Amino acid sequence: MINNVLKAVIYFIVLVLVQVLILNNIHFFRVAVPFLYLYFILKLPAGMSRTSLLLLSFLMGITIDAFSNTPGLHAAAATFAGFVRQPVIRLFMGKDVIPDLSPSYRMFGVGGFMKYTLVMVFLHHTVLYLVESFSLFDPVFLVIRILASVILTTLLICTVEAFNVESLKSGDKQ
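For clarity, every value in this text was computed on a predicted model and none was experimentally measured.

K.L.:
Would you mind going over helix H4 (residues 73–93) with me for this structure?
P.N.:
With 21 residues, H4 should cover 30 Å at 1.5 Å per step; its first-to-last C-alpha distance of 30 Å lies within 8% of that length. At arginine 85, H4 is deflected by roughly 40 degrees, the largest bend along its length, and proline proline 87 occurs up to four residues later in sequence. All buried positions along H4 are accounted for by Leu73, His74, Ala75, Ala77, Ala78, Ala81, Gly82, Val84, Arg85, Gln86, Val88 and Ile89. Elements in contact with the buried residues of H4: helix H2 (38–42), helix H3 (50–68), helix H5 (105–108) and helix H6 (110–133). With its phi angle positive at about 80 degrees, glycine 94 sits one or two positions after the end of H4.

Put into structure tokens, the structure is as follows:
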């Protein structure tokens, strides 16, 4: 229990720092920005209560907003991602969800985790960019921004997860 809480706090702090200090300054072709902080929401235990999940998602989003000077954008998108997370997990796992496990390559398989990540990132980014633009003035540019950021964020999350799994495998051998 203490290990899970400590791991979540470390994930939170590291992901906020990486997002704010590094990733917020990266703009690919002035269109796409990777949002790695979403990994925190994706990796929370599958059986977490909806209230705790929404609270932690909102806390992550509002923290990113505070450092990024984007009042409420990330909080709204992160809270929405926390809200739809359990139905998305059930979509890919069915009713056989083990409450204490965090979604990972081991839980879903590589393809399943990538699909789960892609769906969650797409939903998060759609809400984020719709709230940010607050109009459909240029829908083609909006779709390009969403898709480019979804691709970058999904690749980044899956890469981090691959290193996370590899470190766990090497830890099992020792």
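K.L.:
Would you mind showing me how to read the nonpolar core here?
P.N.:
Nonpolar side chains in soluble globular proteins tend to be buried together. Of all hydrophobic cores here, the largest spans 41 residues; its most connected members are Leu38, Phe40, Met60, Tyr116, Met120 and Ile157. Elements represented by at least two residues in this core include exactly helix H1 (2–21), H2, H3, H4, H5, H6 and helix H7 (139–173). Of the residues forming this core, the biggest block, seven residues, is contributed by H4. Beyond its immediate sequence surroundings of up to four residues, phenylalanine 40 is in contact with Ala8, Tyr11, Phe12, Leu15, Leu56 and Met60.

K.L.:
Would you mind showing me how to read a nonpolar patch on the surface here?
P.N.:
A contiguous nonpolar surface patch, about 540 Å² in accessible area, is contributed by Val5, Val9, Ile13, Leu17, Leu21 and Ile22. Along the chain, valine 9 turns up in helix H1. On the accessibility criterion, valine 9 (41% relative accessible area) is partly exposed.

K.L.:
When you look at the environment of leucine 136 in this model, what are you seeing that I'm missing?
P.N.:
One can find leucine 136 in the loop between H6 and H7. A relative accessible area of 60% places leucine 136 in the exposed class. Separated by 24 residues in the primary sequence, leucine 136 and glycine 112 place their C-alpha atoms 32 Å from one another.

K.L.:
In this structure, what is going on with the packing of aromatic side chains? I would like to understand it.
P.N.:
Any pair of aromatic rings gets described here by the distance separating the centres and the angle formed by the planes. Evaluated as defined, the whole model comprises seven aromatic pairs. Taking 5.8 Å as the distance between ring centres and 80 degrees as the angle between the ring planes, the aromatic pair formed by tyrosine 11 and tyrosine 39 counts as edge-to-face. Of the two residues, tyrosine 11 sits in helix H1 while tyrosine 39 sits in helix H2, which places them 28 residues apart along the sequence. On the basis of relative accessibility, which here comes to 21%, the residue tyrosine 11 falls in the partly exposed class. Here the aromatic rings of phenylalanine 35 and tyrosine 129 are separated by 6.5 Å at their centres, their planes lie at 55 degrees, and the arrangement is tilted. Of the two residues, phenylalanine 35 sits in the loop between H1 and H2 while tyrosine 129 sits in helix H6, which places them 94 residues apart along the sequence. Grouping residues by exposure puts phenylalanine 35 and tyrosine 129 together as buried. Three or more aromatic residues joined by ring pairs make a cluster, and in this case those are Tyr105, Phe108, Phe113 and Tyr116. Arginine 50 extends its terminal NZ or CZ atom over the ring of phenylalanine 83, reaching a point 4.5 Å from the ring centre.

Cut-offs used in this document
The residue numbering used here restarts from 1 in each chain and proceeds along that chain's sequence as written. Note on the predicted model: pLDDT of at least 70 is required for a residue's local features to be given, and 80 or more for side-chain atom pairs to be given and counted; whole-chain, interface and lining totals, by contrast, use all residues. In computing side-chain properties, one takes all heavy atoms of the structure into account and sets aside hydrogens as well as water. Numbering of helices and strands runs from the N terminus, with a helix taken as a DSSP run of H or I at least four residues long and a strand as a DSSP run of E at least two residues long. In a helix, the anticipated span is given by 1.5 Å times the number of residues less one. In this analysis the local bend is the angle between axes fitted, respectively, to the seven residues ending at and the seven residues starting at the residue. Exposed residues in this analysis have more than 50% of their type's maximum accessible area, buried residues have under 20%, and partly exposed residues fall in between, with area computed by a 1.4 Å probe over protein chains only. Contacts are assigned to residue pairs with any non-hydrogen atoms lying within 4.5 Å of each other. Only buried residues count toward a nonpolar core. Its members are Ala, Val, Leu, Ile, Met, Phe, Trp, Tyr and Cys residues joined through side-chain atoms within 4.5 Å. Residues form patches when they are more than 30% accessible in relative terms and have no salt bridge. Like charges link within 9 Å. Nonpolar side chains (Val, Leu, Ile, Met, Phe, Trp, Tyr) link within 5 Å. Surface accessibility in these figures is a Shrake-Rupley result with a 1.4 Å probe; residues are shielded only by whichever protein chains are displayed. The working definition used for a salt bridge is a side-chain nitrogen of Lys or Arg within 4 Å of a carboxyl oxygen of Asp or Glu. Under the pairing criterion, centres of Phe, Tyr and Trp rings, with the six-membered ring standing for Trp, must be within 6.5 Å; the plane angle then separates stacked pairs below 30 degrees from edge-to-face pairs above 60, leaving the rest tilted. Counted as over-ring charges are cases with an Arg CZ or a Lys NZ within 6 Å of the ring centre that also lie within 35 degrees of the ring normal.

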